[in-house]
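Observations on chain architecture
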Amino acid sequence: LTRGLSQGREVRVGVGDDCAVLGSPRAVRWALLKTDAVVEGVHFERGEKMERVGWKALCRAISDIAAMGGVPAHALVTLAVPATWEMARLDALYRGLKKAASRFEISIVGGETSRSPGPLFVSIALTGWVERSLCTLRSGGRSGDGIYVTGRLGGSRRSDQPPR
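Residues numbered from 1 in each chain as written. Predicted model: local features only at pLDDT ≥ 70, side-chain atom pairs only at ≥ 80, totals over all residues. Heavy atoms only, no water.

For a regular strand, side chains alternate in direction, first toward one face of the sheet and then toward the other. For strand β4 (residues 71-82) and strand β5 (residues 107-116), the ladder comprises 9 bridges, and the chain directions are parallel. Residue L76 lies in a different strand from β5, and its bridge partner there is G110. (Pairing = 2+ DSSP bridges. Helix = DSSP H or I, 4+ residues; strand = E, 2+ residues; numbered from the N terminus.)

Pasting the structure below:
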């Protein structure tokens, strides 16, 4: 799917790492771009507390920015919502998003809302930045490096780390 995608001169890292990395080779800081989605029935169970789903949706993207050695900055939230959903459930989802945004000092600056004929779909687009000298790529991994995990392995269908 990604073979042959156009890559401009400012693209330091494209498809295949945790985030896209953009910037001049001489810049002190590079921009990080990340998207991630959670889908009801795939990443969380129907009936899950929506506040936990909102927390999880944003934190998945935050985790990838952190994996690159970066700092998250601005988020866009896109929702595709079944017509039968009550506003109270969406309010709860946004409480979780807001808690994660506050905890990690992220501004939610916009997004999109659409109707879905199927399950709830939440997509996060997140920007961030990284000091060029600290940018950590998957390709830089070496034998003996430490590996750090946040949350519980195998918990993608459970919204780990509930907001408090």
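What follows deals with the nonpolar core. Within the largest apolar cluster, 35 residues are counted, with the highest numbers of intra-cluster contacts made by M50, L58, V122, I124 and L126. Among the elements of the structure, β3 (29-39), α1 (50-67), β4, α2 (87-103) and β6 (121-131) are those that each provide at least two residues to this core. Tallying contributions element by element places α1 first for this core, with 9 residues. (Core = buried A, V, L, I, M, F, W, Y, C linked by side-chain atoms within 4.5 Å. Buried < 20%, exposed > 50% of the residue type's maximum accessible area, 1.4 Å probe, protein only.)

Under the defined criterion, the tally for this structure stands at 7 salt bridges. Between D36 and R60 there is a salt bridge, with the nearest N and O atoms lying 2.9 Å from each other. On the criterion of sequence distance, the pair formed by D36 in strand β3 and R60 in helix α1 is long-range, its members being 24 residues apart. You can call D36 buried: its relative accessible area is 14%. Taken together, the shared-partner salt bridges connect E51, R95 and K99 into one network. (Salt bridge = Lys/Arg side-chain N within 4 Å of Asp/Glu carboxyl O.)

This paragraph deals with the environment of T136. Mapping T136 onto the fold places it in the segment after β6. Its relative accessible area of 41% is what places T136 among the partly exposed residues. Taking the C-alpha atoms as reference points, T136 and R3, separated by 133 residues in sequence, lie 23 Å from one another. Excluding residues that lie within four positions of it along the chain, T136 makes contacts with A67, M68 and G69. (Contact = heavy atoms within 4.5 Å.)

Counting through the fold element by element, A73 comes out in strand β4. Not counting the four nearest positions on each side in its chain, A73 is found in contact with E105, I106, S107, L126, T127 and G128.

The subject of this paragraph is α1. Look at α1: 26 Å from first C-alpha to last across 18 residues, which is about the 26 Å you get at 1.5 Å a residue. The element α1 is extensively covered by neighbouring structure, given that 14 of its 18 residues are classed as buried. Downstream of α1 by one or two residues, G69 has phi in the positive range, about 85°. (Expected span 1.5 Å × (residues − 1).)

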